[in-house]
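Coordinate inspection notes
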Amino acid sequence: MPGQPPLTGLRVLEFAGLAPGPFAGLLLADAGASVLRIDRPLSPNSPPPPAADLLTRHKRSLALNLKSPSAIKLIHQLASKADILIDPFRPGVLEKLGLGPDVLLAINPRLIYARLTGFRRDGRFAHMAGHDINYLSISGVLSLLGRKNAPPTPPANLLGDFAGGGAMLVLGILLALLERERTGKGQVVEANMVDGAGYLASFARLAKASGTPTWDRPRGENLLDSGCPYYDTYQTKDGGWMAVGALEPQFFSELLKGLGLSGQGWERMRYDRKHWPELRRVFEETFRSKTRAEWERVFEGTDACCTPVYEYDELLRDSKEKEGEQRPPVTLKETPLLAVKKGAADASQGQGPGVEGEGYVGMPLAPGEGGEEILREWLGWMRGKEYEIKDGGVLVKEKAKL
């Protein structure tokens, strides 16, 4: 019988935002933390939010009008019981509301006050609006991404928002929790997507600066950025794609064997860049001679580092055969994270009943959904005694103990 998920018992206040903040909250919730998202009330005449937050599993919501003094006092009360607070806003927003770190850490010295911004808080772009593409551009990372003679190409918003932002913030939170075990004190954790993405690009940046063969040329001409013909993707007869990563000699030999190209001298010429255009042309023609399924059968079980490029609809449809079930990002053998897929069988799949959509279909969390449970669990409050619900939000009664 597995033990409880590792963050069971920790309480998290997550102020509603988009993408990286909710992703940080999701990581904590999947690890067992009790996560309460603070939303604005939606009255019947309120316009819908511009984009639904789908990173909501295992979370609950409390709708509060933060322009109300009683709502601010309620946040103070919740913060006194919380372990972690996630601030996704631009610098100064929560301070203006009386919810800055100086105030809340005075109320609860054990609080981990986690702040996430796009640009650095102390940099020239600090007060500017931005999105993932802007943070990557400032960090230098975007200059590395894209094919030869093509513009820099952003990888959607995966690298800045989620990897450099939300995941890095959680790293900081976990480090602060470890420090709290030693000192008993919380602290402010600050992450930004410029520094987070830049850190993720450490290998590429250092390789480029040192002039190593891995990354010593312009964008799209290097070993790992689509410049090398045996580290790239190729279209198949039916319009599918195969991914090739046959860098080492023994893997390259296995690739040639599967493609029927052994003994043509490519083993010897693979390091000579002047032969790369011709090798790429040969690979393109060869891969177009069979369907993706046929190539998948050719390379199944080999060390050719040649694999099919799956799309999410087929992973959902054939999740067992294609290993498409969504799992926790890491496996803790004794205290697994919460399961995403229903009917999880072992620690690698997590524990618990799983969630609707099983990681392929997001379920929006309505403002206020599950929030009353949190008020009861954290504060012992009951509707009608300490608060009422009015216009979609929590209205604290004057006699409530704050």
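This structure is a prediction, so every number in the text was calculated from the model and none was measured.

**Considerations on the overall build of the protein chain**
Of the regular secondary structure elements, the protein chain holds 14 helices and eleven strands. By principal-axis analysis of the C-alpha atoms, the protein chain measures approximately 85 × 50 × 50 Å. Sorting the 402 residues of the protein chain into buried and exposed places 43% on the buried side. Counting only contacts in the protein chain whose residues sit at least 6 apart along the sequence, the fraction spanning at least 24 positions is 64%. On the protein chain, roughly 21100 Å² of surface is accessible, and the fraction owed to carbon and sulfur atoms is 54%. Here the protein chain contributes 51 positively and 50 negatively charged side chains, and the mean placements of these two sets differ by 4 Å.

**Details of a nonpolar patch on the surface**
A contiguous nonpolar surface patch, about 290 Å² in accessible area, is contributed by Leu171, Leu175 and Leu178. With respect to the helices and strands, leucine 175 occurs in helix H6 (residues 158-183).

**Some remarks on the packing of helix H2 (residues 69-81) against helix H14 (residues 371-379)**
Running from N to C, H2 and H14 cross one another at 55°; their axes reach a closest spacing of 10 Å. In terms of axis orientation, H2 runs oblique to H14. H14 is crossed by H2, and the crossing has left-handed handedness. Between H2, through Leu74, Gln77, Leu78 and Lys81, and H14, the contact on the second element is made entirely by Leu375, Trp378 and Leu379. When its residues are assigned to classes, the contact of H2 with H14 shows five nonpolar, one polar and one charged.

**Some words on the environment of arginine 376**
Structurally, the position occupied by arginine 376 is in helix H14. For arginine 376, a relative accessible area of 42% puts it in the partly exposed group. In this structure, arginine 376 is in contact with Trp381 and Met382, ignoring residues within four places of it in sequence.

**Focus on helix H7 (residues 193-200)**
Listing the buried residues of H7 in full gives Met193, Val194, Gly196, Ala197 and Gly198. Looking at the buried residues of H7, the elements they touch are helix H1 (20-30), strand S5 (112-117), helix H5 (132-139), H6, strand S6 (187-192) and helix H8 (202-210).

**Some points on the domain arrangement of the protein chain**
Along its sequence, the protein chain is carved into domain 1 (11-200 + 328-396) and domain 2 (231-318). Distance from the C-alpha centre of domain 1 to the C-alpha centre of domain 2: 41 Å.

**Digging into the side chain of glutamine 351**
Of note, glutamine 351 is situated in the loop between helix H13 (312-317) and H14. At 2.8 Å, the side chain of glutamine 351 forms a polar contact with the backbone oxygen of proline 336. Excluding anything up to four places from it in sequence, glutamine 351 contacts Pro2, Gly3, Gln4, Pro5, Thr335, Pro336, Leu337, Leu338 and Ala339.

The rules behind each value
- The numbering scheme is per chain: residues are counted from 1 as the chain's sequence reads.
- Side-chain atom pairs in this predicted model are given and counted only at pLDDT of 80 or more, local residue features only at pLDDT of at least 70, and totals for whole chains, interfaces and linings cover all residues.
- For the side-chain quantities, the full set of heavy atoms in the structure was used; hydrogens and water were omitted.
- Each helix is a run of DSSP H or I of at least 4 residues and each strand a run of E of at least 2, with the numbering of both proceeding from the N terminus.
- The buried label applies to any residue whose accessible area, calculated with a 1.4 Å probe on protein chains only, is under 20% of its type's maximum; exposed applies above 50%, and partly exposed to all values in between.
- Whether two residues touch is decided by their heavy atoms; if any such pair falls within 4.5 Å, the residues are in contact.
- Under the convention used here, a 1.4 Å probe and the Shrake-Rupley method define accessible areas, while residue burial counts only the protein chains that appear.
- In this tally, Asp and Glu contribute negative charge and Lys and Arg positive charge; neither His nor the terminal groups of the chain are included.
- The location of each charge is read from NZ of Lys, CZ of Arg, CG of Asp or CD of Glu.
- Patch membership needs two things, relative accessible area over 30% and no salt bridge, and members are linked within 9 Å if like-charged or within 5 Å if nonpolar (Val, Leu, Ile, Met, Phe, Trp, Tyr).
- For salt bridges, the criterion is a side-chain nitrogen of Lys or Arg within 4 Å of an Asp or Glu carboxyl oxygen.
- Only the stretch in contact is used when fitting a helix axis, every axis being a line fitted to C-alpha atoms; angles between N-to-C directions are given from 0 to 180 degrees.
- Under this scheme an angle from 65 to 115 degrees is roughly perpendicular, one under 35 degrees roughly parallel, and one over 145 degrees roughly antiparallel; angles in between are oblique.
- Rotating anticlockwise by less than a right angle from the far helix to the near helix defines a left-handed crossing, while the corresponding clockwise rotation defines a right-handed one.
- Throughout, the ten residues Ala, Val, Leu, Ile, Met, Phe, Trp, Tyr, Cys and Pro are labelled nonpolar, Asp, Glu, Lys and Arg are labelled charged, and all others, Gly among them, are labelled polar.
- Note: domain ranges come from an automatic or database domain assignment.
- Here a polar contact means two N or O atoms within 3.5 Å. Within protein one must be a hydrogen donor candidate and the other an acceptor candidate, and residues neighboring in sequence count only if both atoms are side-chain atoms.

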